[in-house]
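Letter by letter, the chains look like this.
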Amino acid sequence: MDKLQILRKISQTAFFIKFILSGSFFLIFIGIVYTFITTGTIGKNYIVISIVVLVLTLIFGRVFCSWWCPWGFLFELGYMLRVKLFKLKKLPELPENIHNKLIYLKYVVLFLFVIFIYIRLSPYNAYLPELGISGNIISLTVLVAFTIVSFFIPRAFCKYFCPVGALLSILSIKSLFKLKLNDNCVKCRLCERKCPMQIKLTKNIDQKECIRCFECKSVCRKDGIDFKP
């Protein structure tokens with residue numbers, strides 16, 4: 001494991017511990033909305049963290065997803081456990097034609113979430129049931145379920161269902177720093193075999209799907225991948 005991956009693991013672990021100690025299973029942006037809906041206020045910490053994440057996304061892309069997201073930390077443990085147990089040299093993938101359609105599902109989830117927020121903040125709110133403590137129970141159930149799913153499909157939630165990932169994907173389309181292949185690349189595709197987001201790097205690096213985990217850079221033996229403005 002190179003220094004970049006060690007640093008990322010430390011960052012992931014630290015944020016995951018903070019996440020556990022906070023006693024909340026909501027994602028940061030969802031937490032803002034949920035707190036506002038249930039209490040009528042928004043914590044300053046939520047606002048500051050969210051602004052920082054949004055700015056970093058505009059500069060570096062979806063770094064939050066693989067460096068700080070506590071859910072992503074668990075999903076990564078899920079597929080890494082399978083890699084260790086079965087000594088896999090290539091991460092499991094869905095058929096490309098199915099994968100290329102499913103990646104748009106998270107934008108549908110984001111749209112539905114926005115509709116839910118609108119209803120919660122409108123007079124129609126009276127027709128919705130109160131979430132109460134069930135909100136955390138639902139989040140915890142989803143977290144456990146997708147951690148198990150990630151054992152078979154790496155980061156399935158991140159790729160196909162996460163509304164936060166969808167929002168950050170949109171913001172990272174024109175991020176300042178991008179992942180690019182350089183002239184050292186020999187098209188060995190080792191990077192593709194290790195990419196948890198199933199990106200075909202030697203064909204086209206989809207910047208909005210890349211979570212900046214840099215697994216590709218770590219396994220490249222030719223130093224054929226740059227991360228530059």
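Residues numbered from 1 in each chain as written. Predicted model: local features only at pLDDT ≥ 70, side-chain atom pairs only at ≥ 80, totals over all residues. Heavy atoms only, no water.

This model, assessed by the stated rule, comprises 13 aromatic pairs. Where F16 meets F73, the ring centres are 4.7 Å apart and the plane angle is 35°; that geometry is what we call tilted. Separated by 57 residues along the polypeptide, F16 in helix α1 (residues 3-22) and F73 in helix α5 (residues 70-86) bring together distant segments of the chain. A ring pair is formed by W71 and F157, whose centres lie 5.4 Å apart and whose planes are at 40°; its orientation type is tilted. Highlighted residues: W71 in helix α5 and F157 in helix α9 (residues 156-160), separated in sequence by 86 residues. Under the relative-accessibility criterion, W71 is labelled buried at 5%. Overall, F157 belongs to the buried group, its relative accessible area being 8%. Chaining the aromatic ring pairs together yields one cluster made of W71, F75, F146, F157 and F161. (Phe/Tyr/Trp six-rings, centres within 6.5 Å; stacked < 30°, edge-to-face > 60°. Helix = DSSP H or I, 4+ residues; strand = E, 2+ residues; numbered from the N terminus. Buried < 20%, exposed > 50% of the residue type's maximum accessible area, 1.4 Å probe, protein only.)

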